Amino acid sequence: MTTLLVIAKQPLPGRVKTRLSPPFPPEEAAALAEASLADTLTAALGVPADRHVLVLDGQPGDWLPPGFRLVSQVTGGLDVRLAAAFAACDGPALLIGMDTPQVTPALLAPALRWDTYDAWFGPAADGGFWALGLASPDPALLLGVPMSRPDTGAVQYERLRAARLRIGNLPVLRDVDTAEDARLVAARTPGSRFAALHSALTATPMGAGA
């Protein structure tokens, strides 16, 4: 049973995408986070995993499509929460976040094949990682990895290497953290909810692009 995990935070003003403010007010930053999450969930559902699970901090909204099992994040640091998400899986699992609305089913599909690799790793442009897949989920591979640092991805990758896992590499993607990130990702995802909302917000006189 292969599980596709999406780890996310409820898109509430002041709780998500705080680095988008300024120029985006907290309400607009939260709306962009919701659009990013909705695009990510749609892409995830397009991948033929046996189970699709949303690991959520907060409460679901109308942005959650049918087809996902909902579980709550545990308390603790991000490494603890990621480790717990993997620990709850009884077979191979691929975990992605909510900050890469440019992700597509075609990009994710190879990372659900385990004939050649024991792990999949998707590095982020900021030094973190946007995807992590484990054929045999082991919480110890994540616990203690320093999160939200420029070397997070390097440390996590070295954990996989030290465990002598065969690692498949996914493309580098840009997380949406800053206004410049949002602009670049929106430009690369025409037709997405995220790009449409970003265009609407930056086109108005009161928007971030004024």
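Residues numbered from 1 in each chain as written. Predicted model: local features only at pLDDT ≥ 70, side-chain atom pairs only at ≥ 80, totals over all residues. Heavy atoms only, no water.

**With respect to helix α5 (residues 179-188)**
Line of reasoning, step 1. What α5 keeps buried is the set Asp-181, Ala-182, Leu-184, Val-185 and Ala-186.
Line of reasoning, step 2. In this structure, the buried side of α5 is in contact with α6 (193-203). (Buried < 20%, exposed > 50% of the residue type's maximum accessible area, 1.4 Å probe, protein only. Helix = DSSP H or I, 4+ residues; strand = E, 2+ residues; numbered from the N terminus. Contact = heavy atoms within 4.5 Å.)

**Let's talk about the packing of α5 against α6**
Line of reasoning, step 1. Look at α5 against α6: their axes get within 8 Å of each other, and the N-to-C directions meet at 120 degrees. Judged by the inter-axis angle, α5 sits oblique to α6. In this structure, α5 crosses over α6, and the sense of that crossing is left-handed. Together, Ala-182, Arg-183, Val-185 and Ala-186 of α5 and Phe-194, Ala-195 and His-198 of α6 make up the contact between the two elements. (Axes fitted to C-alpha atoms, helices over the stretch in contact; angles between N-to-C directions. Parallel < 35°, antiparallel > 145°, perpendicular 65-115°, else oblique. Left-handed = near helix turned anticlockwise from the far one by under 90°.)

**With respect to the layout of surface pockets**
Line of reasoning, step 1. If you add up the space inside the largest pocket, you get close to 970 Å³.
Line of reasoning, step 2. Looking at the largest pocket, it is lined by 33 residues, and the ones nearest its centre are Leu-78, Asp-99, Ser-148, Asp-175 and Asp-177.
Line of reasoning, step 3. Of all the elements in the fold, those that place two or more residues in the lining of the largest pocket are β1 (3-9), α2 (78-87), β4 (93-96) and β6 (129-134).
Line of reasoning, step 4. In terms of residue count, the dominant contributor to the lining of the largest pocket is β6 (four residues).
Line of reasoning, step 5. Its boundaries defined by the atoms lining it, the second largest pocket holds a volume of some 190 Å³.
Line of reasoning, step 6. Every residue lining the second largest pocket is counted, 15 residues in all, and those nearest its centre are Val-53, Val-55, Val-71, Ala-85 and Ala-88.
Line of reasoning, step 7. Tallied by class, residues from the lining of the second largest pocket come to nine nonpolar, three polar and three charged. (1 Å grid on protein atoms, 1.4 Å probe; cavity = no way out; pocket = protein on both sides within 12 Å on 5 of 7 lines; lining within 4 Å. Points joined across faces, edges and corners; volume = space filled by probe spheres on them. Nonpolar A, V, L, I, M, F, W, Y, C, P; charged D, E, K, R; others polar.)

**Quick look at helix α1 (residues 26-45)**
Line of reasoning, step 1. The terminal C-alpha atoms of α1 lie 28 Å apart, and with 20 residues this matches the ideal 28 Å at 1.5 Å per residue to within 8%.
Line of reasoning, step 2. When you tally the buried positions in α1, you get 14 out of 20 residues, the bulk of the element. (Expected span 1.5 Å × (residues − 1).)

**Quick word on the pattern of salt bridges**
Line of reasoning, step 1. Applying the stated criterion across every chain, the model contains 11 salt bridges.
Line of reasoning, step 2. Notably, a salt bridge pairs Arg-166 with Asp-118, separated by 3.0 Å at the nearest N-O pair. Linking Arg-166 in the loop between α4 (152-162) and β7 (167-169) with Asp-118 in the loop between α3 (105-108) and β5 (119-123), this pair joins segments that are 48 residues apart in sequence.
Line of reasoning, step 3. One salt bridge in this structure joins Arg-149 and Asp-151, with 2.8 Å as the shortest N-O distance.
Line of reasoning, step 4. Judged by relative accessible area, which is 29%, Asp-151 ranks as partly exposed.
Line of reasoning, step 5. What you see here is one network of salt bridges that share partners, running through Lys-17, Arg-19, Asp-99 and Asp-177. (Salt bridge = Lys/Arg side-chain N within 4 Å of Asp/Glu carboxyl O.)

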